[in-house]
Every structure is written in C-alpha cells, then in structure tokens.
Amino acid sequence: GGARTVEEWAERAAAEAVEACVGLGPGDGEAADADDVGGDLPLAMAVNRMCSYRMERDDEFSERAMLIMKMKFAERALRRCIHEIEDWDERVKERTEFLCKDWKKEEDGGDDANALDAADRKSLRCAMRALVTAEVGFTWMDDDDELESLVENHPRFLAAVLIAGECASVGAGAYWRVRNDVPVLSSEERGGESQSEIGVPGTTAAGCTTEERDTVYEVVSNIEDLCDGLRKECRAVIAHPHLRRTKEYLTRLVKEIGATKGGSSKDKIKKRREQGSLDSYFGRISSMSQSDPFRDTQDS
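Procedures and definitions
- Think of each chain on its own: its residues are numbered from 1, step by step along the sequence as written.
- With pLDDT at 70 or above as the cut-off, local features in this predicted model cover only qualifying residues; side-chain atom pairs require 80 or more to be listed or tallied, and sums for whole chains, interfaces and linings still use all residues.
- Hydrogens are left out, water is left out, and the side-chain values use all remaining heavy atoms of the structure.
- Segments assigned H or I by DSSP are reported as helices when at least four residues long, segments assigned E as strands when at least two residues long, and all are numbered from the N terminus.
- Contacts are residue-level and defined by heavy atoms, with any inter-residue pair within 4.5 Å sufficient.
- Computed by Shrake-Rupley with a 1.4 Å probe, the accessible areas treat only the displayed protein chains as cover when residues are assessed.
- Inter-axis angles, ranging from 0 to 180 degrees, are taken between N-to-C directions of lines fitted to C-alpha atoms, where helices are fitted over the stretch in contact.
- By definition in this entry, angles of less than 35 degrees are roughly parallel, angles greater than 145 are roughly antiparallel, angles of 65 to 115 are roughly perpendicular, and the rest are oblique.
- Amino acids are sorted into nonpolar (Ala, Val, Leu, Ile, Met, Phe, Trp, Tyr, Cys and Pro), charged (Asp, Glu, Lys and Arg) and polar (every other residue, Gly among them).
- The buried label applies to any residue whose accessible area, calculated with a 1.4 Å probe on protein chains only, is under 20% of its type's maximum; exposed applies above 50%, and partly exposed to all values in between.
- The directions from the helix axis to the C-beta atoms are what the arc is built from.
- Think of a polar contact as two N or O atoms within 3.5 Å of one another; within protein, one of them needs to be a possible hydrogen donor and the other a possible acceptor, and neighboring residues in sequence only count if both atoms come from side chains.
- For each structure, a 1 Å grid was placed over the protein atoms alone; sets of points admitting a 1.4 Å probe that cannot get out are labelled cavities, open sets with protein on both sides within 12 Å along at least five of seven lines are labelled pockets, and lining residues have an atom within 4 Å of a point.
- Grid points are joined across faces, edges and corners, and a volume is the space filled by probe spheres set on the points.
- Between the rings of Phe, Tyr and Trp (Trp by its six-membered ring), a pair exists once the centres lie within 6.5 Å; its type follows the angle of the planes, with under 30 degrees stacked, over 60 edge-to-face, and the other angles tilted.
- Look at NZ for Lys and CZ for Arg. If either is within 6 Å of the ring centre and within 35 degrees of the ring normal, a charge sits over the ring.
- The salt bridge definition used is simple: a Lys or Arg side-chain nitrogen within 4 Å of an Asp or Glu carboxyl oxygen.
- Each helix crossing is assigned a hand: it is left-handed if the near helix lies turned anticlockwise from the far helix by less than a right angle, otherwise right-handed if that turn is clockwise.
- The quantity known as pLDDT measures the predictor's confidence residue by residue, on a range of 0 to 100.

S.K.: Even after reading the chapter, I still don't get the overall build of the protein chain, so can you show me in this structure?
M.R.: Within the protein chain, the secondary structure is distributed over 12 helices and 0 strands. For the protein chain, the N- to C-terminal ordering of α and β elements is α-α-α-α-α-α-α-α-α-α-α-α. Considering only intrachain contacts with a sequence separation of at least 6, the fraction spanning at least 24 residues in the protein chain is 75%. Total accessible area computed for the protein chain in this model is approximately 16,300 Å², and 49% of it derives from carbon and sulfur atoms.

S.K.: When you look at the environment of Ala160 in this model, what are you seeing that I'm missing?
M.R.: Checked against the element boundaries, Ala160 lands in helix H7 (residues 154-180). A C-alpha to C-alpha distance of 6.8 Å links Ala160 and Leu78, two positions 82 residues apart in sequence. Not counting chain neighbours up to four residues away, the residues in contact with Ala160 comprise Leu78, Cys81, Ile82 and Met141.

S.K.: What's the story with the packing of helix H5 (residues 118-142) against helix H6 (residues 144-152) in this structure? I'm lost.
M.R.: Each packed pair of helices is defined by two parameters, the angle between the axes and the distance between the axes. Across the interface, H5 lies against H6 with an axial gap of 5 Å and an inter-helix angle of 85°. Accordingly, the angle class assigned to the pair H5 and H6 is roughly perpendicular. Seen from H5, the contacting residues are Trp140, Met141 and Asp142; seen from H6, they are Asp144, Glu146, Leu147 and Leu150. Partitioning the contact of H5 with H6 into residue classes produces 4 nonpolar, no polar and 3 charged.

S.K.: Honestly, H6 in this entry has me stumped. Any pointers?
M.R.: Count 3.6 residues to each turn of an α-helix, and residues three or four apart come out pointing the same way. Within H6 the residues assigned to the buried category are Leu147, Leu150 and Val151. Projection of H6 onto a plane perpendicular to its axis shows the buried side chains occupying an angular sector of 90°, all on one side. Exposed positions of H6 whose direction lies more than 90 degrees from the buried face are Asp145, Glu148 and Glu152. Considering only its buried residues, H6 is in contact with H5, H7, helix H9 (210-231) and helix H10 (241-258). In this structure Asp143 caps H6, since a side-chain oxygen of it lies 2.8 Å from the backbone nitrogen of Asp145.

S.K.: I keep staring at the environment of Asn180 and nothing clicks. Help me out?
M.R.: Tracing the backbone through its elements, the reader meets Asn180 in helix H7. Distance in space between the C-alpha atoms of Asn180 and Cys208 is 9.5 Å, their sequence separation being 28 residues.

S.K.: Explain the layout of surface pockets here, please?
M.R.: The gaps left among the atoms become clear once a water-sized probe is rolled over them. Of the volumes computed, that of the second largest pocket is approximately 270 Å³. If you trace the second largest pocket, you find it lined by Glu7, Val92, Lys93, Thr96, Glu97, Cys100, Lys122, Arg125, Cys126, Met128 and Arg129. At the level of secondary structure, the elements contributing two or more residues to the lining of the second largest pocket comprise helix H4 (88-99) and H5. Here the element with the most residues in the lining of the second largest pocket is H5; it accounts for 5 residues.

S.K.: Looking at this model, I keep getting lost on the packing of aromatic side chains. Mind explaining?
M.R.: Working definition: an aromatic ring pair is given by the centre-to-centre distance plus the angle between the planes. Tallied over the full model, the rule gives 0 aromatic pairs. Cation over ring: Lys101 sits above Phe98, and NZ or CZ is 4.2 Å from the ring centre.

S.K.: Quick question: what am I supposed to make of the pattern of salt bridges here?
M.R.: Where charged atoms from two side chains of opposite charge approach closely, those side chains can pair. Evaluation of the coordinates by the stated rule reveals 12 salt bridges. Where Glu84 meets Arg156, a salt bridge forms, and the shortest distance between an N and an O atom there is 2.7 Å. Highlighted residues: Glu84 in the loop between helix H3 (60-81) and H4 and Arg156 in helix H7, separated in sequence by 72 residues. The class for Glu84 is partly exposed, based on a relative accessible area of 34%. Across the pair Arg244 and Glu248 runs a salt bridge whose closest N-O atoms are separated by 3.7 Å. In this pair, Arg244 and Glu248 are both assigned in helix H10, 4 residues apart and thus about one turn of the helix distant. With relative accessibility at 39%, the residue Glu248 sits in the partly exposed group.

S.K.: Explain the packing of H7 against H10 to me, please; I cannot follow it from the model alone.
M.R.: Across the interface, H7 lies against H10 with an axial gap of 9 Å and an inter-helix angle of 15°. By the criterion of interaxial angle, the relationship of H7 to H10 is roughly parallel. Judged by the sense of rotation from one axis to the other, the crossing of H7 with H10 is left-handed. Taking contact as the criterion, the partners of His154, Pro155, Phe157, Leu158, Val161, Leu162, Gly165, Glu166, Ala168, Ser169 and Ala172 in H7 are, on H10, His242, Leu243, Arg245, Thr246, Tyr249, Leu250, Leu253, Glu256 and Ile257.

S.K.: What is the right way to read the confidence of the model for the protein chain from this model?
M.R.: Low-pLDDT portions of the prediction should not be read for the details of their coordinates. With 68% of its residues at a pLDDT of 70 or more, the protein chain shows a mean pLDDT of 75. Confidence drops under pLDDT 50 across residues 271-275; counting only partners more than four residues distant or on other chains, this segment forms 2 contacts.

S.K.: Looking at this model, I keep getting lost on unusual backbone geometry. Mind explaining?
M.R.: Trans is the common state for peptide bonds, and a negative phi is the common state for residues other than glycine. Here the phi dihedral of Ala236 falls at roughly 50°; this positive angle occurs in a residue that is not glycine. Within the secondary structure, Ala236 sits in the loop between H9 and H10.

Next up, the structure:
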C-alpha cells in the first residue's frame, strides 16, 4: 500500500513540477537563455538540478521514494519537451516488453540466496522504464526527419538532450544501486568520479539475472551510440554556446552511463568462441600473410 501511495504522490508532484516550469519566457538582455523563446531550458534545468535522492542507509524507504520522484519528473518532462511523440506510452511499453520478455516476474520465487527481493526487482523495472524512455527520446532526436530542425533550435536541442540524459542517468544509476547495493549519488556528490568508482569493493551483480544484465547492457549501449551520433551534429561550438553545452553534456553522459552497464554475457560468449575457433585463427593467419607492410612505401 505504501509503495503504491508513493508512486501516486510522485506522479502528481511530477505533473505539478512540470507545469510550474513550462511557459516561462526567455531570459533578459545578455542572459544565456535570452534566445530560449520556447521556454524549454527552465524545465531542463529543474530536472537536471533535482536532488540526488541520496539518504541514510537505514532510511531505504525515503531513498526509494526520491528515486521514484526523480524518475517520474524526468520522464514527464521529456514527454512535455518532445511533444511531437504522441504515442509515448505505446512506444515505451512495446520496447520494454520486448527487452524484458525473459525477465523474472516480481512474484517469481526461488531458492537463490542472491536473488533480488520484490522491492529491488520493482526498482529494477523502474530503472528499465527510465532507460527506455530516454532511448525513445534520443531515437526520435536522431531521426533524419527531425534532427535538422531540432539542431537548428539550439535551446530546445540542449533542453531535450539534458532531460533525456537525466532519464538515462537516473535509470542507469538506479540499476547500479540495485546491482551493487550502493547509494546513487549526484554528479556533484561524486566529485567528477563515475558512479562505478563509488561502488563497494568486491560487490557483484549476483542479485540480477543474466537476462537482466544483458538487457540493461543492450539499452545503455544503444543510448551511447545515439549520443555519439547527436554529438557529431554539434558543429561550430565556439560560435554557438548551446551547442557547446550540448556536446559537453553528451560526452559526460556517455562516460557516466557507460560505467554502470557492466558486461554482456553475449559478448563474452562471442569472444570465447572467436578465441577458440580454428577458423578464426587461420583467418587471422591468412590476413597477415596477405598483407604487405611495405606496400605504402614501394612506390615512393
């Protein structure tokens, strides 16, 4: 009952917070947001600077409550910022169901002493929803039909990237917390370190199933690729401060979320197969024998 009440409260509070931030005009005169005619940046700044939901270890309920609040706020803000997507719920649901089809259900039991409890499994699913929401947003931004007009509106481009990035960051951070049972810190509290560097030495992802770890690895890797693509669109950054801020944020975001995703069992299996394959071995030998290290200098 309590968890459900918290979710309902967070949903209402997030809606009110979003409404309070939208519709604000651009800054005056020489302000950095003087060109923000759409009023997108105040919402992005509110999401970006929201509290980090770090609590004392004996106040786990409050920590989870603030985690849910941050997620709800970021998700709702992204939907408001990228209003062109009219079927957010359908896209997020379809993608999440596809990615999580092999996950254990919350009610599934088991004798595994390392298995996640119901609360942690619910937090893991919330983290997944935040990651997928970010992925949907970044995918829309990276679409050829939308990208050019979005990038031309520098304040809105920065705002959309910031909010989607916060969705990804809070989702990846929540996953890291569940995976390693450590508190999630804001970028200010980390002092520039990645979340993975704050972890407890010796902890593992034993509580998460292989399917869960592989799913998070897949979606975070996709977000990294999308961010890299958007970063390449940030040209002439010296002349355009918003594009510079966007590019710098994307660079930090890729580093931050990449440090939380762990490894993929699929990549490990593939690597083992390649290393142990005679075909792979003879293929490498063949390519080496065919190459001519002096080819580039023979004509000189």
